[in-house]
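Here is what each chain is made of, one letter per residue.
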Amino acid sequence: MKNIYQPELMDVASVQRHTADVKSVKVRFRDADCAQQFQFRVGQFGIFSAFGYGESVFNICSSSTWNDGLEFCFRKTGRVTEALWEIEEGDTIGFRGPYGNGYPVEAWKGKNLIFLGGGIAMPPIRCAIWYALENRADYGDITIVYGARTVADLVYVNELDEWAKRERVRVIRCVDPGGETPDWTGEIGFVPTVFERAQIAATDSVALVIGPPIMIKNTMPVLDRMGLPRASVYTSLENRMKCGVGKCGRCNCGPVYVCKEGPVFTMEELAALPQDY
Amino acid sequence: MSEFITSDNLRQLAAEWIAQGIRVAGPQRAGGRVLYLPLNDAANLLLDGFIHPANSAKEFLLPKTETLYGYRVEGHDIKLVEEAEAETPQILLAVRPCDVAAFPFLDHIFNWDYADEPYNQRRRNTAIVALSCSTHDANCFCTSVGLGPASERGADVLLVPLTGDTLEVQCVTEKGRSLFAGKTKSDNVAAMSAAGPAPRFAAEAVRKFSAANFEHPLWAEHALACVGCGACAHTCPTCHCFDIVDEHSARVRNWDSCQFSLFTLHAIGHNPRPDQGSRQRQRILHKFSIYPDKFGEILCTGCGNCTRNCPAGLGVLPLLIAIEHEEHLPA
Amino acid sequence: MGRVAILTKPMDAGALVVLERESQIESGAVKTIPIGEPSTGTFADLDALLALPPDERMAWWAGEFSRCTRCYACRQVCPMCYCERCVADKNRPVVIDTSPTPVGNFAWHVTRAFHLAGRCVGCGACNHACPVGIDLRLLNMAVHRAVDQNFGFNVGADPKTESPIGSWAPADHEEFIR
């Protein structure tokens, strides 16, 4: 029987550098059967191995409709991500997954989608955006508000341009005051402020909000004022994980194991959880 | 009619098992303590003279360190090296009922949606012979969590000491019956188990309070003495939290503890449980609120090891009693 | 907080001397109220251990450390272990294996004993705290003896004296430098 802790070997297909400390990596399953059979729900995460250094948890930031492998995006922060920073095309890493509950894309059908993200939180939103664009007829208007501290901290910038060209998609990018460059043509301001200025309608909408705690804290009142119920606002939680399968006892947020019953929660569900994250 | 064995014959039987290449483990003296250890010489097996070994028997199902698999770095490539299956049969002998009752909890969590094969292999190859308690100490509270000195939960066999050197042999499962077939004598005498400690607190009161009082000064107050080591978790029969690390070309699973400050530390430096109060709260919540809500069982068998081993004399018992007192205070 | 008073067993007073020597507490910041009798332990069991041939001594320590689960109770209760981030908890790079294997446990206990050279006051808290009864006191006594023999240093004396572990004097032995 399979050892659930043993990863699949993945070949690194390409590495893209986004900022001074953020890279994204495309990987393919080495095993052909695995490659063929692998499926995941957008919003699920994987546990990626840098052999010799350890494992790290990242959202699978490619769309679930893409067949040529997976993508993950990370910031160089600690021991494992420093090791992953050094990998190149042709290297081998490990992957376990997919884990977690994923986004309820079925429940989102027919809705207008509002995506709000800050900094390194773009990757878990990116997969949902691509999924919606690939199933365009299932979803209404798409609004994307994405910001970072400075222009240099924005990730997937070329894809923001792509999305802006699609039908009924509005992309607003912003940087914190003082983070702009002389040729910056986007908005200046924090994501919640810029979002409120944009006066997006809340009718028949769901929102996906991912970012640092301060951004989420300041975005919630804006969504409340818009009239968006908290059960229609989604986020993806980060908590320290090791096993990913509900056994090592580390990631629980009160009664909820983030790796199994999350990481995707509505704000209503999150409000019922203790401040354990 | 009941079945009986003398302690001499039991040790003789253990010696036969050892000679057959079965890994036998049981209570023995080491380092001035009584510990569950691998048994090399059946003469060292202790059947009385102790309340509870200082460690727990979980080590034989969930080792303190375990290689999950190995790997070889070959240029840009990695070769995985699978671990050989844990085939050696083992018999855990003279294990206290409060240790044995923990095994069904571990079975549950290690098979919750995902089957943990390293654990399951070991489990399949293990037979468990429990030893009922004739007495208890001030740290025992098995009766407060639905167990008792003669609990058969999780056991293949339950041994109940009689006066003199005889033990009654109560076979609970087929596996247990096959272990002792032909090794016992029948008699009409029935062994009387000890009554066990009087209940120390009401578990339901603890569950109610913990679920409703995430922010309460009681957690920090009681944690003042806690030094943040892992003595409680490592000697607890039900604690199973583990770490996964890469060491010496292998991915290894090690015992961890929610009391360590590093347990929930994010790489970015954020820690959801930044102080000992929040970490103590997690321990109580996990055992007395979260586990019961999710799986219908309290993740504690009342063995008292945490309190016995705690350098500060804490463990869970003083906190549980304080919580129940708090829950029953007039609103 | 105001002035603090601590009821001190004899070894605890020594711990306070070390803390003052290492600038962790101010001179006079703590009032000690001595309780208990000084222990009259001898070094007899250390002598017996050191009389064993090296391979037997090694086997004995290997047996002791085989029981260690890396609960770190020894470290957490030790008055001299106050590092904000212990060397065993560092991971960039990993200096001491975290796994409770024979190698990892040896590395942990020997490193800690070295980090306590000239600092351990023999309070015995580590022995009391160890759930599996490893005789850490013997390890620390062996190091203590080596420090005493090589540097003539009394750990519990005047806090203004310099600790051997953090200082150097021209008269220090150098035979091990080749």
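This part takes up the overall build of chain B. Helix and strand content of chain B: 11 helices and 12 strands. In summary, chain B has a C-alpha radius of gyration of 21 Å against a globular reference of 20 Å for 331 residues, a match within 12%. If one aligns the C-alpha atoms of chain B with their principal axes, the spans along those axes are about 70 × 60 × 40 Å. Counting over 331 residues, chain B shows a buried share of 50%.

Okay, the overall build of chain C next. Counting secondary structure elements, chain C contains seven helices and two strands. In sequence order, the secondary structure elements of chain C are arranged as β-α-β-α-α-α-α-α-α. Taking 16 Å as the expected radius of gyration for a compact globule of 178 residues, we find that chain C reaches 17 Å, a close match to that expectation. Counting only residues that meet the buried cut, chain C has 30% of its 178 residues in that class. Pairs at least 24 apart in sequence give 74% of the contacts found in chain C among residues at least 6 apart.

Cis geometry marks the peptide bond from G97(A) to P98(A); its omega dihedral reads 0°. Here the phi dihedral of A94(B) falls at roughly 65°; this positive angle occurs in a residue that is not glycine. The exposure class of A94(B) is buried, given the 26 C-beta atoms found within 10 Å. Positive phi values are uncommon outside glycine, yet D113(B) reaches one of about 65°. The topology assignment puts D113(B) in the loop between helix 3 (102-109) and helix 4 (117-124). Owing to 9 C-beta atoms within 10 Å, D113(B) belongs among the exposed residues under this scheme.

Attention shifts here to the domain arrangement of chain B. How large an interface is tends to be reported as the accessible area lost when its parts come together. Residues and elements named next belong to chain B. Structurally, chain B comprises domain 1 (2-187) and domain 2 (203-327). Here domain 1 and domain 2 have C-alpha centroids that lie 25 Å from each other. Contacts between domain 1 and domain 2 engage 34 residues on the former and 27 residues on the latter. Listing elements by their share of the side of domain 1 that touches domain 2, those giving two or more residues are strand 4 (65-74), helix 2 (97-100) and helix 3. In terms of residues, the side of domain 1 that touches domain 2 owes the most to one element, strand 4, which gives eight residues. Residue classes in the side of domain 1 that touches domain 2 are distributed as 17 nonpolar, 10 polar and seven charged.

Bringing the interface of chain B and chain A into the picture now. With 38 residues of chain B at the interface, the matching set in chain A holds 31 residues. For the side of chain B that touches chain A, the secondary-structure elements that each account for two or more residues are strand 4, strand 5 (77-82), helix 4, strand 11 (242-246) and helix 9 (276-295) of chain B. When residues in the side of chain B that touches chain A are grouped by element, the largest group, five residues, is from strand 11 of chain B. Classifying every residue of the side of chain B that touches chain A by side-chain character gives 24 nonpolar, five polar and nine charged.

Residues and elements named next belong to chain A. Taken across its seven residues, strand 9 (residues 169-175) has five buried, putting it largely inside the fold. As defined by bridge partners, strand 8 (residues 142-148) adjoins strand 9 across seven bridges and the pair is classed as parallel. When the sheet's bridge partners are listed, V145 is paired in strand 9 with I172. With two bridges connecting them, strand 9 and strand 10 (residues 187-188) associate as parallel partners. Residue pairing across strands places C174 opposite E187, the latter belonging to strand 10.

The subject of this paragraph is the packing of helix 6 (residues 203-212) of chain B against helix 11 (residues 317-327) of chain B. All names here are of chain B. Where helix 6 contacts helix 11, the axes come no closer than 9 Å and their chain directions differ by 75°. Accordingly, the angle class assigned to the pair helix 6 and helix 11 is roughly perpendicular. Seen from helix 6, the contacting residues are A205, V206, K208, F209 and S210; seen from helix 11, they are L320, I323, E324, E326 and E327.

Quick look at the nonpolar core now. With 204 residues, the main nonpolar core has A128(A), A207(A), V129(B), A130(B) and L159(B) as its most contacted residues. Ranked by the residues each element gives to this core, the list is headed by helix 3 (residues 122-134) of chain A, at eight residues. Not counting chain neighbours up to four residues away, the residues in contact with A130(B) comprise V95(B), P97(B), V100(B), A155(B), V157(B), L158(B) and L159(B).

To continue, consider the sheet that holds strand 2 (residues 23-30) of chain B. Residues and elements named next belong to chain B. One open sheet accounts for eight strands, arranged 3-2-6-7-8-9-1-10; its pairing is mixed. Of all strands in the sheet, those bounded by a partner on one side alone are strand 3 (33-38) and strand 10 (185-187). The mean inter-strand angle of the sheet, taken between neighbouring strand axes irrespective of direction, is 30°. Here strand 6 (residues 90-95) runs beside strand 7 (residues 126-131); their pairing, made up of five bridges, is parallel. Its bridge partner being in strand 7, L93 is matched across the sheet by V129.

What follows covers the packing of helix 2 (residues 44-51) of chain C against helix 7 (residues 136-151) of chain C. When two helices pack together, you describe them by how their axes are tilted relative to each other and by the distance separating the axes. Residues and elements named next belong to chain C. At their nearest, the axes of helix 2 and helix 7 sit 10 Å apart, and the two run at 85° to each other. Between helix 2 and helix 7, the angle is such that the two are roughly perpendicular. Contacts from D45, L46, L49 and L50 in helix 2 reach L138, M141, A142 and R145 in helix 7.

Residue and element names in this part refer to chain C. With zero of five residues buried, strand 1 (residues 4-8) is to be regarded as a mostly surface element. Of the pairings in the sheet, the one linking strand 1 to strand 2 (residues 30-34) comprises five bridges and is parallel in character. Bridge pairing in strand 2 links I6 to T32. Regarding topology, helix 1 (residues 10-21) serves as the crossover connection from strand 1 to the parallel strand 2, and that connection is right-handed.

Residue and element names in this part refer to chain A. Relative to the helices and strands, A83 is located in helix 2 (residues 79-85). Residues A83 and K23, 60 residues apart in the sequence, show an inter-C-alpha distance of 12 Å. Beyond its immediate stretch of four places on either side in the chain, A83 contacts A50 and Y53.

Residues and elements named next belong to chain B. Its 20 residues place the ends of helix 9 27 Å apart at the C-alpha level, agreeing with the 28 Å of an ideal helix rising 1.5 Å per residue. Where helix 9 bends most, at H286, the angle is about 50°. By the criterion of burial, helix 9 is predominantly enclosed, with 15 of the 20 residues buried. G296, located one to two residues past helix 9, shows a positive phi value of around 75°.

In low-pLDDT segments, the atomic positions of the prediction should not be examined closely. Residue and element names in this part refer to chain C. Mean pLDDT over chain C works out to 90, with 97% of the residues at or above the 70 mark. The spread of mean pLDDT over the elements of chain C runs between helix 1, the lowest at 89, and helix 4 (residues 73-77), the highest at 97. Interface confidence in the predicted complex, given as ipTM, is 0.94; pTM for the same model is 0.94.

Our next topic: the sheet that holds strand 12 (residues 233-236) of chain A. In a beta sheet, neighbouring strands pair by backbone hydrogen bonds and run either parallel or antiparallel. All names here are of chain A. The strand order across the open sheet built from seven strands is 10-9-8-7-11-12-15, with neighbouring strands paired in mixed fashion. Bordering the open sheet on either side are strand 10 and strand 15 (264-266), each of which pairs with just one other strand. One ladder, built from six bridges, connects strand 7 (residues 112-118) with strand 8; its direction is parallel. Note on strand 8: the bridge partner recorded for I114 is T143.

This brings us to the environment of L106(B). Residues and elements named next belong to chain B. Along the chain, L106 turns up in helix 3. By C-beta crowding, L106 is classed as buried, having 22 other C-beta atoms within 10 Å. The spacing of L106 and P89 is 17 residues in sequence and 19 Å in space, taken between C-alpha atoms. Not counting chain neighbours up to four residues away, the residues in contact with L106 comprise K58, L61, L62 and H240.

Cut-offs applied
Residues numbered from 1 in each chain as written. Chains lettered and ligands numbered in written order. Predicted model: local features only at pLDDT ≥ 70, side-chain atom pairs only at ≥ 80, totals over all residues. Helix = DSSP H or I, 4+ residues; strand = E, 2+ residues; numbered from the N terminus. Rg over C-alpha atoms; globule rule 2.2 N^0.38 Å. Buried ≥ 20, exposed ≤ 12 C-beta atoms within 10 Å, placed from the backbone. Contact = placed C-beta atoms within 7 Å. Domains from an automatic or database assignment. Nonpolar A, V, L, I, M, F, W, Y, C, P; charged D, E, K, R; others polar. Pairing = 2+ DSSP bridges. Axes fitted to C-alpha atoms, helices over the stretch in contact; angles between N-to-C directions. Parallel < 35°, antiparallel > 145°, perpendicular 65-115°, else oblique. Core = buried A, V, L, I, M, F, W, Y, C linked by C-beta atoms within 7 Å. Right-handed = clockwise from strand over helix to strand, strands pointing away. Expected span 1.5 Å × (residues − 1). Bend = angle between axes of the 7 residues up to and from the residue. pLDDT = per-residue confidence, 0-100.

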